[in-house]
Amino acid sequence: MTFRLKDYQQRALNALSTYFRECAETGDADTAFYSTTKKVFGTGIPYIPVKELPGLPYVCLRVPTGGGKTVMGCHSVGVAMRDLLQTDTAIVLWLVPSNPIREQTITRLKDSRDPYRQALESVAGTIEVMDVNEALSLRRADLDGGTVVIISTMQAFRRDDTEGLRVYRESGSLMNHFDGLPPNSLAEIETYENGKPYPSLANVLRLRRPIVIVDEAHNSRTPLSFETLSRFNPSCIVEFTATPDRDENPSNVVHTVSAAELKAEAVIKMPIRLETRSDWRELLADAIACRKNLEDKAKLEQQQTGEYIRPVMLIQAQPNRSGRATIGVEEVKNCLIEDHGIAEDWIAIRTGTQNELDDVDISDPLCPIRFVITIQALREGWDCPFAYVLCSVAEMRSNTAVEQILGRVMRLPRVAWKEHQELNMAYAFAASPSFIATASALKDALVESGFERQEAKDLIISSPDTQQGTLPFGAESLLGAVTIDMPKPPKERQLSPSTTSKIDYDRSEKKFTFRGAMTREERRELQEACSDDESRDAIEIAYRISNGLAPDSHGAPSEANKPFIVPFLAIRQGTLFEPFEETHFLDHPWKLTDCVASLSEEEYSSERRQSQHGLIDEKDGHITTSFVNNLQEQMTLFASDTTWGASDLVHWLRRNIPHHDLPPQEVDLFFSRIIQGLMRDRSIPIEQLCHDKYRLKIAMAAKLNEHRDNARHSSLQALLALDCETPLEVTPECCFAYDPRQYPYGRPYRGHYIFHKHYYPEIGDLNATGEEFECAQFIDQLDEVEYWVRNVERRPNHSFWLQTSTDRFYPDFVCKLKDDRILVVEYKGGHLASGSDAEEKQMLGELWEKRSEGHCLFIMPSNRDFESIRRKVES
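Residues numbered from 1 in each chain as written. Predicted model: local features only at pLDDT ≥ 70, side-chain atom pairs only at ≥ 80, totals over all residues. Heavy atoms only, no water.

1. Some points on the overall build of the protein
Now for step 1: Across its full length, the protein carries 27 helices and 30 strands.
Now for step 2: Taking all 875 residues of the protein together, 55% fall into the buried category.
Now for step 3: Counting only contacts in the protein whose residues sit at least 6 apart along the sequence, the fraction spanning at least 24 positions is 72%.
Now for step 4: When the accessible area of the protein is evaluated, it comes to approximately 38400 Å², of which 47% is carbon and sulfur surface. (Helix = DSSP H or I, 4+ residues; strand = E, 2+ residues; numbered from the N terminus. Buried < 20%, exposed > 50% of the residue type's maximum accessible area, 1.4 Å probe, protein only. Contact = heavy atoms within 4.5 Å. Areas by Shrake-Rupley, 256 points an atom, 1.4 Å probe, with all protein chains shown as cover.)

2. Description of the confidence of the model for the protein
Now for step 1: For the protein, mean pLDDT is 84; residues scoring 70 or higher make up 85% of the total.
Now for step 2: Taken as a whole, residues 610–625 scores under 50 in pLDDT and shows 25 contacts with residues more than four places along the chain or in a different chain. (pLDDT = per-residue confidence, 0-100.)

3. With respect to the sheet that holds strand β2 (residues 91–96)
In a beta sheet, neighbouring strands are held together by backbone hydrogen bonds and run either parallel or antiparallel to one another.
Now for step 1: Across the sheet, which stays open at both edges, the seven strands sit in the order β3-β4-β2-β5-β6-β1-β7 with parallel pairing between neighbours. Sheet topology places β3 (127–130) and β7 (253–256) at the edges, where each strand pairs with a single neighbour. Each strand of the sheet is rotated relative to its neighbour by a mean of 20°, with strand direction disregarded.
Now for step 2: Bridge analysis of strand β1 (residues 58–62) against strand β6 (residues 236–241) gives five bridges, and the strand direction is parallel. Each bridged residue has a counterpart across the sheet, and for Arg-62 the counterpart in β6 is Thr-241.
Now for step 3: Contacting β1, β2, β4 (147–153), β5 (211–215) and β6, helix α3 (residues 69–85) crosses the sheet at an angle of about 160° to β5. (Pairing = 2+ DSSP bridges. Axes fitted to C-alpha atoms, helices over the stretch in contact; angles between N-to-C directions.)

4. Some thoughts on the sheet that holds strand β30 (residues 856–859)
Now for step 1: Reading across from one edge, β25-β28-β29-β30 is the order of the four strands in this open sheet, with mixed pairing throughout. Among the strands making up the open sheet, the edge pair consists of β25 (785–790) and β30. Between one strand axis and the next, the sheet turns by 20° as a mean value, whatever way the strands run.
Now for step 2: Taken together, the four bridges between strand β29 (residues 822–825) and β30 define a ladder with parallel strand orientation. Directly across from Val-824, in β30, lies its bridge partner Phe-858.
Now for step 3: Across the sheet, helix α26 (residues 836–851) lies against β29 and β30, angled at about 160° from β30, the strand it touches most.

5. Brief notes about a positive patch on the surface
Now for step 1: A cluster of basic residues, Lys-488, Lys-491, Arg-493 and Lys-510, forms a positive patch at the surface.
Now for step 2: Its location among the elements puts Lys-488 in the loop between β15 (481–485) and α17 (497–500).
Now for step 3: Residue Lys-488 is classed as partly exposed on the basis of its relative accessible area of 44%. (Patch = residues over 30% accessible without salt bridge, like charges linked within 9 Å, V, L, I, M, F, W, Y side chains within 5 Å. Salt bridge = Lys/Arg side-chain N within 4 Å of Asp/Glu carboxyl O. Lys, Arg positive; Asp, Glu negative; His and termini not counted. Charge placed at Lys NZ, Arg CZ, Asp CG, Glu CD.)

6. Remarks on the pattern of salt bridges
Should their charged atoms come close, side chains of opposite charge can pair.
Now for step 1: In this structure the tally under the stated criterion is 56 salt bridges.
Now for step 2: Ionic pairing is found between Arg-536 and Asp-533, a salt bridge with its closest N-O pair at 2.7 Å. Of this pair, Arg-536 and Asp-533 both sit in helix α19 (residues 533–546), three residues apart, roughly one helical turn.
Now for step 3: Here Glu-849 ties to Lys-872 by a salt bridge, and the two come within 3.2 Å at their closest N and O atoms. On the criterion of sequence distance, the pair formed by Glu-849 in helix α26 and Lys-872 in helix α27 (residues 867–874) is long-range, its members being 23 residues apart.

Structure representation (structure tokens):
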């Protein structure tokens, strides 16, 4: 089964692709980084070079724990090959932080049935995966015929390490890697006194310029690591980490994945419910009861959905210490068996000296294990989505230690929300006299896992049974029972057993009581079970009081489950309506054979960019080399296209240029005509075209897209016509609805101005200054606006959009007015207010407004003309 990337993973890889393409175009890692971060973050960030690796593209993708760094690493190999190296094969050095993770990664990437291996093959073709020992006998044919991935730790490549010394030693089996190569290609490798290449694995890596993938990169940003990496002459380094270095050796973060994006994709269990007790036996009893309750919910879940879940509890015992009494593994196990009647085959021990999980598939329905006792061995290299409950009989003091074991219970089974809310959460039980201190440690641990501090606050809630105090950072806390006037009770048949157990309703007094701190999910459930607005308002007040908030303060409209529905621009298909999108252009086929099949000198230059071996420039006081140009030139030494003819080149272009809307024979003919024209009219030999196939591919794809865009623009004009058989319409039968629980922004707003009408509690991807921010302020202060949303770009399932001839258009702001009309605002700075792109957006927005017959409004102000928004609303 092919592994489909999550939207946030694809966005991160798109940012990496943009960076590598900029590197290839400019030849400068520094300029490319500033340009890419300006597109990704809205503000260009200066590149921080590593002195040991001058000119090297060295960037970081920041991904929180549970975000799928390994599969993203697999795809990043293909991105680097395609957009930077411009080659069909490569050698990859994949560095991991520890031997357990190395073993796990090798096992998965060697298994042809594993989704990670399949992802790697989908982007890099023929794959050979090996460890360092196997790489010491690496054959040249393996490198010439496919992509080789070497999995290792950083330590294994250090000269001061016994294992690392083997990488630098002579190996006769590697001698043929250096045969038949021009002298200038051997300039940077170690040689004998007679000038012949020294046949070591280190020299093979230097020659082949490896793509370096660094997992958990925050462990590898030291001068010693930089020195080690420099010995292999890498082509690029891509880091994956939740917590990039920001101080001593800061990483060049080219993209950041947020907790909101993980939540929208149902990747992690959220929130984490915390309970603390001083007595570890009482704590363990509570945790066992919690796990039992979760298993009951899991059985109901299986009846409803067919999905099997067996909740597992991880118990962290104390290590044995000489001369000190500790709560060790055996004592915990005896307590489970003797005090709670837990069957012995339900228990497994996983420590540094005892591993009862070897070759055990905990997700197998036949596996009985429900309790895993550990000390620290589960910190890394172990993953089980069935793990729901963490119980630590020792105080949680080390942020790093807490973060590592907490990550074991955060992954959501099958990456899908469950019908029972309890199965969407994680549970932490800690032996501690201080709830506040433990909650703070958990919060800090989440920050160590890659979440922003504000996100971490929202991820931790208290258990209803916790009575040690309230969180100092504003998380939900128990204030006892809340009793409030309510005209009608909620319908209990619509409530989960968990919620029902926390409420009472006095019918004679018409008073509603809720025990504990009401969660957002419980509030939603209760409000949906109420039949009148007054009762729903009472639930809102009870929620706020139970969480320590003023009863008359106002939460975000999404928290009150207020609807936010926006009509799409729709197209009729039979008796139904569908959102008008890209696939509908297929209903208007176009003929590529009718299009011009030629490339001008401007579109594809006859003069190939020349290598600049040895060129050194001084830039801003630093010595830099033309790294990228030299890299691409060196990669051509190992190209396999030296015997290709025109038909081989056409076949390669067709495989590497998307053309889902065109028949293959039309595409082949189009490419053949262009190639014949380049050879006949511009006297470019086929050998040069094959050698330069990546640059040719870019030009060919641009030409194909130009014809496609022209055809789609004509199709769109036809669809906009009133006499069209299937005209575009705006109807309540085809609408987009914002999900009150999901808002997958990339960066949270962190300005001083407090917005009062935003639909969600958070505001995503909005800078704290600038014209767009001022536009948001103006909208927030308009009397006619009931609530509005910052419409996040490129989130098709979570944001409103209109289809253009080239892509989807995500307007900046969408507003619900108090009279129930919808206002859409796309703000354009003065420099962006004109041009074909802006004109098409304006045309589509105005059409959407016109076809709505007064229900929808669209405006595209520019140059701070915010009053035009008021005039539009009042017109």
